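Residue-level structural notes
As a plain string of letters, each chain reads:
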Amino acid sequence: ARLRAEVLNCPSMAGADGDDSLYPIAVLIDELRNEDVQLRLNSIKKLSTIALALGVERTRTELLPFLTDTIYDEDEVLLALAEQLGNFTMLVGGPEYVHCLLPPLESLATVEETVVRDKAVESLRKISHEHSPVDLEVHFEPLVKRLASGDWFTSRTSACGLFSVCYPRVSSTVKAEIRQHFRNLCSDDTPMVRRAAASKLGEFAKVLELEYVKSDIISLFTALASDEQDSVRLLAVEACVSIATLLPQEDLETLVMPTLRQAAEDKSWRVRYMVADKFSELQKAVGPEITKNDLVPAFQNLLKDCEAEVRAAAANKVKEFCENLPEDSRETIIMTHILPCVKELVSDTNQHVKSALASVIMGLSTILGKDNTIEHLLPLFLAQLKDECPEVRLNIISNLDCVNEVIGIRQLSQSLLPAIVELAEDAKWRVRLAIIEYMPLLAGQLGVEFFDEKLNSLCMAWLVDHVYAIREAATCNLTKLVEKFGAEWAQNTIVPKVLGMANDPNYLHRMTTLFCINALSEACGQEITTKHMLPVVLKMSNDQVANVRFNVAKSLQKIGPVLDSNCLQTEVKPVLEKLAADQDIDVKYFAQEAISVLALA
Amino acid sequence: MEGDGGSEIKQWCLSQVKGAIDDDVTEADIISAVEFNHSGELLATGDRGGRIVIFQQEQESKTLAHSRGEYNVYSTFQSHEPEFDYLKSLEIEEKINKIRWLPQKNAAHFLLSTNDKTIKLWKISERDKRPEGYNLKEEDGRYKDPTSVTTLRVPVFQPMDLMVEASPRRVYANAHTYHINSISVNSDNETYLSADDLRINLWHLDFTDRSFNIVDIKPTNMEELTEVITASEFHPLQCNTFVYGSSKGSVRLCDMRAAALCDQHSKLFEEPEDPSARSFFSEIISSVSDVKFSHSGRYMMTRDYLTIKIWDLNMESQPVETYQVHEYLRSKLCSLYENDCIFDKFECCWSHDDSEVMTGSYNNFFRMFGRDGQAGVTLEASWESSSPRCPLRPWRVCAGSRRKEDEIGVDCLDFSRKILHTSWHPQDGIIAMATVNNLYIFQEKLN
């Protein structure tokens, strides 16, 4: 650091033989090996500056060999280095020399830290496109082979991500070799490598010729999908999506479906979870016929799975699955196969399952239409609105808009109100906070009349909640309500109540009045602010609590722009001047700040 | 009843003793963990002072039969420091409870070490090159006149003396309310478990901010607590299977495929109690102090206070083999209870080919049992009474006073000298064990 300071302090020291543009670069180069990680990182991030100063020749012959040996460094430095090298092609002399970047990236692709390795692979993939077809075979492909047959599994896992970028651009002999390497990695001894291969199977399949997809990929897919390691099998499910998309419909039944069926009934819940989680993608990939015959029963089983994690994942997909069913039989399938399972899930023993379902179940009403919704779904919504778990109720309430469109909210309002009131008074403040956030939505759906009658008192009660976060959210909520219902409504319903709190014996509540005014003045406009709010604020400048007084100063600063200049000069200025002479230092400070911001000095 | 099969069993020779040969032992130097890595080339020890010492097999003598058990210090580092939990007003000792090596993934080596609360992942790597050449200073640190810099210089890596570095890679903290007694790496190479008295958590090696609770035996009312977890291990081949032993002497095998929370075991290994032998000490001495799967994954070994039991995973009702470690102590349980020795947690280990098992005892004795049903031998870890390359002499412990040269009376045993921590080279006839502050390495005599 001393060195750095010295150099930066004497930028003009360059003598006759020195070149002052060298100094910053010299510092950057020296700091590549500084003891302080932050400085090393800083230098690595400016690697392009260094390379530019060295020129392409020296970058290739000196900088890159140095970087290749730098793999002992901290992860964050290596990560930055791996990223930089992906954009280095021009700095080494363009595509003709891009292969010079391979050695440092190759050594980065073998480090143990997954993020660094992944970044190195990403950069390698990027620069592979900059290789000419000849260079790809002469330089890039041998690197992939070296990695694929490396002693350590870190290098073999990295190789898995590189096959798909070179395959399309090499000769058929090399293609055959690449396929062989990929096959080997799919049956590697270590689960790490098999996992890497399984996760790249889909991507590799996409670049292969269809005949090889059928001959090679399918057998690898089948093998990985019955691997002894759960963590490998579950990755094969993902590959299933891409492979199914590549194959013609008539081959799916024989080549993919046996494996998919097996995965959906795997002994390990993690594999079944993966199937549930990828269900929509799978459904699209296999098409409507197979969905009808195979996926519907599979989905039913997942909804009834013995493991709650699986049921929750499947419950999350209910709406999407139903939406994507073929139109001709959608309603029948839902009514006869899916809905019975959904009904059971409403009273599931696990609350995550119930809340997962609650977050999507309302979406079914648009699919099923008015009559079915009223007859079949409404009882479920009502049951969930009474669920013991607040998250379930919240999830229902947060999706009310879907139902409103189909059947109108009146059907629900009888049950809705008690549910809202209960959540509004929940002992956990996070639950109260969540319901406040849905208030504007509810107000919009239920209309102003219903709101005034039933919900307004709740909104006002939150303003005096004993938790600050709730009072703050309640203030913010008022602004949104005013935006929805208009200034006139505010003047009649909210403003009197808010202003009434200015005389509350609790100073925290008096401050809430100020916070509300801050939030509402703009939405309410000049007239209401000047006539109703300002007098209250000004009066509060005499409050005995200093916190209230300095908040008066802050409020005046905030609402100042809404007021006209006459009012500012005659009413606001004297009060601020008085506060600026307050004995409390904070009050003085904020008063002075307000005076200068409002330009009243 | 003690081993008379000494001549049948393989012979062992003392190879090395590590640590100060001194009666004056400081608490911090007491070894609390011993573990070979997967190739057997490295051997790690942890101590009560939170230090880890790693020994490396001598490269030159690795292939020589008579000196293959020679290990030299490779790296020493401080793994854990004493801490204070301000919320609970509790001191957290730095003592290393367990060390487990990760399968090797690149040129560096990785191990997990744990004290009562926090697990750490360490990387042990070699460096034999260092960069040379600055632009603005000399190699010795003197600054150059900045005006003299006319060209840029890129540092070059030059060979240097080998340096071994240990660097902390991950710290897995704040997941255990009780004391961690076991850690075990899964065969999937990406997850591991950690067990404390009441819970077992599953971690992904790459994530330190979350772990999944897979076993929780904490009763809602702590007064109903009758059993604690004492040891836990993953199956060496099946990624979904793990076992945990309890203070009541049973071992539960769980299948992680069945459910996310493995509160329901799929197998319970428990030997029916003999009502005639029941005493005040029955439960204490049946507590499982260690559980280890065989390398093949077919069997599992448990150690309780007086015995080693070998279980076939396919038979839950009773062990297939039982070995008496020091049955002569049964009559002395009362005094062992009074001096707390009865709560000692002895580890046990399998030979590289699963054909023998080993565990420690008192008086710096350790016991080796062949799996062919022999009674086993008692050997002593002592630098005084063994000479290099000479086979160790088996001892007999007898009830009465000492009679022959190779016999010792029960009353003469030194209970302060005990071998709790043992490890067997995973591919060779080399064993390592800790007496109080010394590490003993023995090798099998090859003919």
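Higher on the page you've got the structure.
None of these values were measured; they are calculated from a predicted model.

Within chain B, the secondary structure is distributed over 2 helices and 32 strands. The C-alpha extent of chain B, read off along each of the three principal axes, is 95 × 55 × 40 Å. Sorting the 447 residues of chain B into buried and exposed places 55% on the buried side. Looking at chain B alone, contacts between residues at least 24 apart form 55% of all its contacts between residues at least 6 apart. Counting only carbon and sulfur atoms, one obtains 47% of the accessible surface of chain B, whose full area is about 19700 Å². Both charge centroids of chain B, one from 49 positive and one from 71 negative side chains, sit 3 Å from each other.

What follows concerns the overall build of chain A. The helix and strand tally for chain A stands at 34 helices and 0 strands. Relative to the compact-globule value of 25 Å for 601 residues, chain A shows a C-alpha radius of gyration of 34 Å, a clear excess of over 25%. Here the C-alpha coordinates of chain A stretch approximately 90 × 85 × 35 Å along the principal axes. With 601 residues in all, chain A has 57% of them scored as buried. Across chain A, the fraction of contacts at a sequence separation of at least 24, relative to all contacts at a separation of at least 6, is 67%. Positive and negative side-chain charges of chain A, numbering 60 and 86 respectively, have mean locations separated by a distance of 3 Å.

The parts lose accessible area when they come together, and the size of an interface is often stated as this lost area. Of the residues lining the interface, 45 residues belong to chain B; the matching set on chain A comes to 48 residues. The junction of chain B with chain A conceals about 4300 Å² of combined surface from both sides, 55% of it contributed by carbon and sulfur atoms. At the boundary of chain B with chain A, the tally comes to 7 salt bridges. E113 of chain A serves as the salt-bridge partner of R169 of chain B, at 3.0 Å between the closest nitrogen and oxygen. One can count 24 residue pairs in polar contact (both at pLDDT 80 or more) joining chain B with chain A. Among the secondary structure elements, those contributing two or more residues to the side of chain B that touches chain A are β10 (119–132) and β11 (156–172) of chain B.

Let's shift gears to the packing of aromatic side chains. In total, this model carries 36 aromatic pairs over all chains according to the counting rule given. Measuring from centroid to centroid gives 5.5 Å for F280 of chain B and Y337 of chain B, while their planes differ by 85°, and the two rings are edge-to-face. Here the residue F280 of chain B occupies a position in the loop between β19 (267–269) and α1 (282–286), and Y337 of chain B occupies one in helix α2 (residues 333–338), the gap between them amounting to 57 residues. In this structure F280 of chain B comes out as exposed when scored by relative accessible area, which is 55%. Judged by its relative accessible area of 32%, Y337 of chain B falls in the partly exposed class. With centroids separated by 5.3 Å and ring planes inclined at 90°, the aromatic side chains of F346 of chain B and Y362 of chain B adopt a geometry described as edge-to-face. Linking F346 of chain B in the loop between α2 and β24 (348–350) with Y362 of chain B in the loop between β25 (356–360) and β26 (365–370), this pair joins segments that are 16 residues apart in sequence. This pair shows no difference in class: F346 of chain B is buried, exactly as Y362 of chain B is. A connected cluster of aromatic rings, assembled from ring pairs, spans F163, Y167, F182 and F204 of chain A. Sitting above the plane of the Y97 of chain A ring, R60 of chain A keeps its charged end 3.6 Å from the centroid. It is R371 of chain B that lies over the ring of Y299 of chain B; its NZ or CZ is 4.9 Å from the centre.

Glancing now at the pairing of β26 of chain B. All names here are of chain B. With 6 of its 6 residues buried, β26 lies for the most part within the structure. Pairing analysis gives 5 bridges linking β25 to β26, with the strands arranged antiparallel. Within β26, the residue paired with T359 across the bridge is R367. Hairpin connection, β25 to β26: the antiparallel pair is bridged by 4 residues, and N363 has positive phi, about 65°. Relative to strand β27 (residues 377–380), β26 runs antiparallel, the two sharing 4 bridges. Each bridged residue has a counterpart across the sheet, and for F366 the counterpart in β27 is L379.

The next subject is the nonpolar core. If you look at soluble globular proteins, the nonpolar side chains tend to sit buried side by side. By size, the foremost hydrophobic cluster in this structure holds 233 residues, and its most contacted members are I243, V318, I338, I361, W462 and L576 of chain A. Among the elements that take part in this core, helix α31 (residues 507–540) of chain A stands out by supplying 13 residues, more than any other. Excluding its chain neighbours within four sequence positions, the residues that come into contact with I243 of chain A are L201, A205, I217, I218, F221 and V256 of chain A. Residues L306, Y328, L329 and V410 of chain B belong to the second largest nonpolar core, which totals 20 residues.

Backbone geometry at D340 of chain B places phi at a positive 70°, although glycine is not the residue there. Secondary-structure assignment places D340 of chain B in the loop between α2 and β24.

Right, let's talk about the side chain of T154 of chain A for a bit. Within the secondary structure, T154 of chain A sits in helix α9 (residues 153–160). Exposure remark for T154 of chain A: the relative accessible area of 0% places this residue in the buried category.

Right, let's get into the sheet that holds strand β3 (residues 42–47) of chain B. Residue and element names in this part refer to chain B. One open sheet accounts for 4 strands, arranged β2-β3-β4-β5; its pairing is antiparallel. Bordering the open sheet on either side are β2 (31–36) and β5 (71–78), each of which pairs with just one other strand. In this sheet, neighbouring strand axes are inclined to one another by 20° on average, regardless of whether the strands run parallel or antiparallel. Taken together, the 5 bridges between β2 and β3 define a ladder with antiparallel strand orientation. In the strand pairing of β3, I31 is matched with D47.

Residue and element names in this part refer to chain A. If you check helix α34 (residues 585–597), its first and last C-alpha atoms are 18 Å apart, about what 13 residues at 1.5 Å a residue would give, namely 18 Å. Burial in α34 covers these residues: V587, F590, A591, A594 and I595. Down the axis of α34, the buried side of the element spans an arc of 140°, and every buried residue falls inside it. Residues I585 and S596 are exposed on α34 and point more than 90 degrees away from its buried face. Next to the buried residues of α34 lie α32 (546–559) and α33 (565–580).

Calculation criteria
- Residues numbered from 1 in each chain as written.
- Chains lettered and ligands numbered in written order.
- Predicted model: local features only at pLDDT ≥ 70, side-chain atom pairs only at ≥ 80, totals over all residues.
- Heavy atoms only, no water.
- Helix = DSSP H or I, 4+ residues; strand = E, 2+ residues; numbered from the N terminus.
- Buried < 20%, exposed > 50% of the residue type's maximum accessible area, 1.4 Å probe, protein only.
- Contact = heavy atoms within 4.5 Å.
- Areas by Shrake-Rupley, 256 points an atom, 1.4 Å probe, with all protein chains shown as cover.
- Lys, Arg positive; Asp, Glu negative; His and termini not counted.
- Charge placed at Lys NZ, Arg CZ, Asp CG, Glu CD.
- Rg over C-alpha atoms; globule rule 2.2 N^0.38 Å.
- Buried area = accessible area lost by both parts, 1.4 Å probe.
- Salt bridge = Lys/Arg side-chain N within 4 Å of Asp/Glu carboxyl O.
- Polar contact = N/O pair within 3.5 Å; in protein donor to acceptor, adjacent residues only side chain to side chain.
- Phe/Tyr/Trp six-rings, centres within 6.5 Å; stacked < 30°, edge-to-face > 60°.
- Lys NZ or Arg CZ within 6 Å of the ring centre and 35° of its normal.
- Pairing = 2+ DSSP bridges.
- Core = buried A, V, L, I, M, F, W, Y, C linked by side-chain atoms within 4.5 Å.
- Axes fitted to C-alpha atoms, helices over the stretch in contact; angles between N-to-C directions.
- Expected span 1.5 Å × (residues − 1).
- Arc of directions from axis to C-beta.

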